[in-house]
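Given next are the chains, with one letter for each unit.
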Amino acid sequence: MSKSMVTLMTLLFLALFNRKKLKTLKIVKKYFSILLVMGCNFWFATHSFSQNGQLPSWPDTLFSTYWHQQTTLFKNLPQTKGDIIFLGNSITDGGEWQELFGDSRIKNRGISADVTIGVLNRLKEITDRKPDKIFLMIGTNDLSKGISTDSVVKNILEIVKFTHLLSPATKVYVQSILPVNPGSDKFKNHTGNTPKIKAVNRQLELYAKKHQFTYVNLFDSFINSEGYLNRRYSNDGLHLLGDGYMLWKHLVFPYIYDAGERPALIPAPVQLSWKQGAFPLYQCKTILVTQPGLEKEAKHLQKLIRQKGYQAEIKSKVKKDKIYIELKLNTAKKESNNEAYQLSVTDNKVLIYGNAAHGVFNGIQTLWQLARDGALIDNCQINDEPAYSMRGYMVDVGRNYMSMELLKQQIDAMAQYKLNVFHFHGTEDIAWRFASKMYPQLTAGENMIRNKGFFYSEQELQELINYCADRHIILIPEIDMPGHSAAFRRAMGVDMQSDSGMMYVKNIVNEFLDTYKIHYLHIGGDEVKITNKNFLPEMIQLVQSRGVKTIGWSPGGNLDEKTYRQLWMEDFTEAEKSHAPLIDSRHLYLNHMDPFEGVTTIFNRQIGNRIKGDDQMLGAILCLWPDRRVEKEEDAIRMNLVYPGMLAFAERTWKGGGVQGWVANIGSPGEKRVSDFAEFENRLLVHKNLYFKKKPFPYFAQQDIKWNLYGPYDNGGDLTKKFEPEFKSFNPAKTKPYKEEIGATIILRHWWAPQIKGAIDEVAKENTTWYATRRIWSDEEGFKNFWIGFYNISRSQDSDTPPAGEWDYKKSAVWVNGNLIAPPLWKHAGQKGNMEIPLIDEGYELRKPTKIYLQKGWNDVLIKAPVGSFKGKNWQNPVKWMFTFVEVK
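Residues numbered from 1 in each chain as written. Predicted model: local features only at pLDDT ≥ 70, side-chain atom pairs only at ≥ 80, totals over all residues. Heavy atoms only, no water.

**Observations regarding the overall build of the chain**
Part 1 of the reasoning: Within the chain, the secondary structure is distributed over 26 helices and 32 strands.
Part 2 of the reasoning: The C-alpha atoms of the chain give 32 Å as radius of gyration, which agrees with the globular expectation for 889 residues (29 Å, within 12%).
Part 3 of the reasoning: Oriented by its inertia axes, the alpha-carbon framework of the chain measures out at about 110 × 80 × 45 Å.
Part 4 of the reasoning: Within the span of the chain, comprising 889 residues, buried residues form 59% of the whole.
Part 5 of the reasoning: Just so you have it, the chain exposes about 37,500 Å², and 51% of that area is on carbon and sulfur atoms.
Part 6 of the reasoning: Here the chain holds 114 positive side-chain charges and 96 negative ones, and the gap between their average locations is 8 Å. (Helix = DSSP H or I, 4+ residues; strand = E, 2+ residues; numbered from the N terminus. Rg over C-alpha atoms; globule rule 2.2 N^0.38 Å. Buried < 20%, exposed > 50% of the residue type's maximum accessible area, 1.4 Å probe, protein only. Areas by Shrake-Rupley, 256 points an atom, 1.4 Å probe, with all protein chains shown as cover. Lys, Arg positive; Asp, Glu negative; His and termini not counted. Charge placed at Lys NZ, Arg CZ, Asp CG, Glu CD.)

Here it is as structure tokens:
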């Protein structure tokens, strides 16, 4: 050690232990902070704090008054869960982070003039909170005091090391030290440190993987052409102006919300190329519209900008140097697809160019996903159009009424993801929900079985039609006839197919078409014995004579070639022969799907058995049939994976493509469809985090869940029989599995096999037992939440609730680290299926997650999945050979 260091260390320790005597020494007053930092760095160079897990500690008297004011305040603030902490010096301190992000979880722990040892000295207050994430930026003040780059890096690594030690689950993001600009007269000790800052940043980037933190390169985005801090972002060469904080927000936004480097777009555009630079949305005050016909689109965009907290005026002229968004119609070139659009984002201008107003509207939806952080929009060029002309979503409100608020929530989501048809199934055996002035008894409470007295008035239905139209969505009402019409019989006292019944129905249809200006009327026509062969032809002729197109279910009744056929079962060849326009809804019933299997199968669907639409195959409609009574209206959304399913459907129907046949699982490692699904799931989860925080979204990542499947073991009909994987001698690492399968839910054999492929179809046999194993890593020991299930009850069947003490009727079981996991205490254990008894805890997405104690490190999971006969007791209780096991984070 050099003599100078000895002298400095001597003065430091004298200061620490006999500070009063040193107060008379002018050298201490002048150099005390330098002595402190250099002496402590010498301590770091010769000691390892991490060995005993004790944080270093220095006397509080060595830190500034402001440092004490802030740290004592921080200690007294309430403990909150899920914190995201910004930690650093004055540059962090200057950010109004909660307001910038509109997120109360984000906490500011910046202290002006702080240094690396100052952060270490107060780190425990932060790690005690067990935050989700820490964003650290520190070191520029150290460098200004002459501390070496190696020492600064070592101190930062110690901060990271202690964070991992004291709060293992916390993710650490080390941000680069920001650039400085020597052109300012202020902070000369700071602004000349560009080479040192670069050296520190290089080392931090190099050490990121080894020390298990994420390095965030802010430096390169803040520099000018000379490599110094851009004067746009600072007026003193060190600290940031408002534009600097907006850029900072833009750069760290994807790390805060796990959103990926670039915005995740759903549905993915046909063509997308990213450019350098960004458009400052927060500075945009103008929406330019120079053509008629785009007033609604401009107001819609204006409203979206207002939701981000900014104001923009709609104008017909703008100065050349202004920052603005322009909406424009393609009048020179008429193309067949009026949903197509082009979107260009540059530093000063956004241009959305559509073949029609609908195309401009679609471009606005994409722009809003690009504007995810509300600050800056990355420059890009997009050319886009849908693969299918009809992309719809259906809600059955006949069986379970939904409020206008909940319906509009779903319509808003449809618009956001470019769906263009809202199929509104309003009449059923349970209830008739469309008001009629001519026959008010149709909506009388005594003629309803559920939600008695709840229906949609003329004003409300017209409001929904207009609400959809404003979002370029066509509302297709369905009056189901002649089947699903028990509510009609109760109200009118006759069957629809009788002579008087036909008269009533014609009157109802005429009244309906007189009242509402609609493009299509869905007439149902399925699941009924046709006793009057003239019924459907006459109704179809009536509707079509009014200039309204008809749609009917297929298979169903006797439809003409002009009536669109909505396919709901595998009769595709016959439907094609009809030459009628086709809409695919086969295996697109959300009510029959498990949340994880549903996203998988919808994403992989090949709509209409082809990769894009044509003159006959128009597209598809995703259907929500909550046949069983729901306890709360939100349950229909939650238990039927409405929003994750809708996003997967939007992706597939806009993009086209898909996998031939119907598949229930993600697949095995190495398959292309597995990587395709993983790329989509990454975007899906971003949208969950950003846009569905307050809405039911029963889905978690499953692309990294890999199971080893072992079997078959012949159980001879004894579902309790034990086999090799249940014994301690079994070693999965030394036993070759039958196959590997990816997913949170694994369908071993689908209950609708062979139409839908399962994981083991080629070897699936009755009276066999299969096992699945996987390993789970935990950063720390403790209880974690899991969704576990072995039988996803369809919401369209009155299936039985599992018996007490069992996961299902097949003796399925799960162990973690050799410990048997007990099934839920079912509230209706053994309850025989009843469509009027709501599901309340039978689905894992409805009940509280199962708490399982995990040890630190690797944890072993074993699933037992026996099966007897593939034939269920009846249609209401099919044999579902499946399992779900996923951590809920």
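That was the structure; now back to the text.
**Points about the pairing of strand E3 (residues 133-137)**
Part 1 of the reasoning: Counted residue by residue, E3 has five buried out of five residues, so it is predominantly covered.
Part 2 of the reasoning: Side chains of E3 alternate between two faces, with Lys133, Phe135 and Met137 and Ile134 and Leu136 buried alike.
Part 3 of the reasoning: Note: strand E1 (residues 84-88) against E3, five bridges, orientation parallel. Residue pairing in the sheet places Phe86 in a bridge with Phe135 of E3.
Part 4 of the reasoning: Taken together, the four bridges between E3 and strand E4 (residues 171-175) define a ladder with parallel strand orientation. Bridging across to E4, Leu136 finds its partner in Val174. (Pairing = 2+ DSSP bridges.)

**Details of the nonpolar core**
Part 1 of the reasoning: Residues Trp248, Leu327, Tyr393, Phe422 and Phe885 are the most contacted members of the largest nonpolar core, which totals 234 residues.
Part 2 of the reasoning: In terms of nonpolar packing, the next biggest core, distinct from the first, is built from 15 residues, Met390, Tyr520, Trp568 and Leu618 among them. (Core = buried A, V, L, I, M, F, W, Y, C linked by side-chain atoms within 4.5 Å.)

**Topic: the environment of Ile266**
Part 1 of the reasoning: Here Ile266 is to be found in the loop between helix H14 (242-256) and strand E6 (271-280).
Part 2 of the reasoning: Taking relative accessible area as the criterion, Ile266 reaches 0% and is therefore assigned buried.
Part 3 of the reasoning: Sequence separation between Ile266 and Thr366 is 100 residues; the distance between their C-alpha atoms is 8.2 Å.

**Things to note about the sheet that holds E6**
Part 1 of the reasoning: Taken in spatial order, the seven strands of this open sheet run E6-E12-E10-E11-E9-E7-E8, and their pairing is mixed. Since the sheet does not close on itself, it has two edges, and those belong to E6 and strand E8 (313-315), each with one partner. Averaged over all pairs of adjacent strands, the angle between strand axes in this sheet comes to 20°, irrespective of strand direction.
Part 2 of the reasoning: Two elements, E6 and strand E12 (residues 376-384), share seven bridges in a ladder whose sense is antiparallel. When the bridges of E12 are listed, Pro280 appears paired with Leu376.
Part 3 of the reasoning: In this fold helix H16 (residues 357-370) packs onto E6, strand E9 (324-329), strand E10 (341-345), strand E11 (349-354) and E12, with an angle of close to 40° to the strand it touches most, E10. (Axes fitted to C-alpha atoms, helices over the stretch in contact; angles between N-to-C directions. Contact = heavy atoms within 4.5 Å.)

**A closer look at unusual backbone geometry**
Part 1 of the reasoning: A cis geometry characterises the amide bond from Ile266 onward to Pro267, with omega recorded as 0°.
Part 2 of the reasoning: For Pro267, the position within the fold is in the loop between H14 and E6.
Part 3 of the reasoning: That bond from Gly711 to Pro712 is cis: its omega, 0°, falls within 30 degrees of zero.
Part 4 of the reasoning: Locating Pro712 in the fold gives a position in strand E22 (residues 706-714).
Part 5 of the reasoning: Notably, Asp258 is not glycine yet its phi reads approximately 50°, a positive angle.
Part 6 of the reasoning: Locating Asp258 in the fold gives a position in the loop between H14 and E6.
Part 7 of the reasoning: Asp258 sits in the partly exposed class, given a relative accessible area of 40%.
Part 8 of the reasoning: The backbone phi angle of His472 is positive, close to 60°, even though this residue is not glycine.
Part 9 of the reasoning: Tracing the backbone shows His472 in the loop between helix H18 (458-469) and strand E15 (474-481).

**Thoughts on the environment of Gly146**
Part 1 of the reasoning: If you trace the backbone, Gly146 turns up in the loop between helix H9 (140-144) and helix H10 (149-166).
Part 2 of the reasoning: For the pair formed by Gly146 and Asn193, sequence separation is 47 residues and the distance between their alpha carbons is 9.8 Å.

**Let's talk about the sheet that holds strand E30 (residues 850-854)**
Part 1 of the reasoning: Reading across from one edge, E24-E32-E27-E30 is the order of the four strands in this open sheet, with antiparallel pairing throughout. A single partner strand is all that each edge strand has here, and the edge strands are strand E24 (745-749) and E30. Ignoring strand direction, the axes of neighbouring strands in this sheet form an average angle of 30°.
Part 2 of the reasoning: Note that strand E27 (residues 782-789) and strand E32 (residues 881-887) share four bridges and pair antiparallel.

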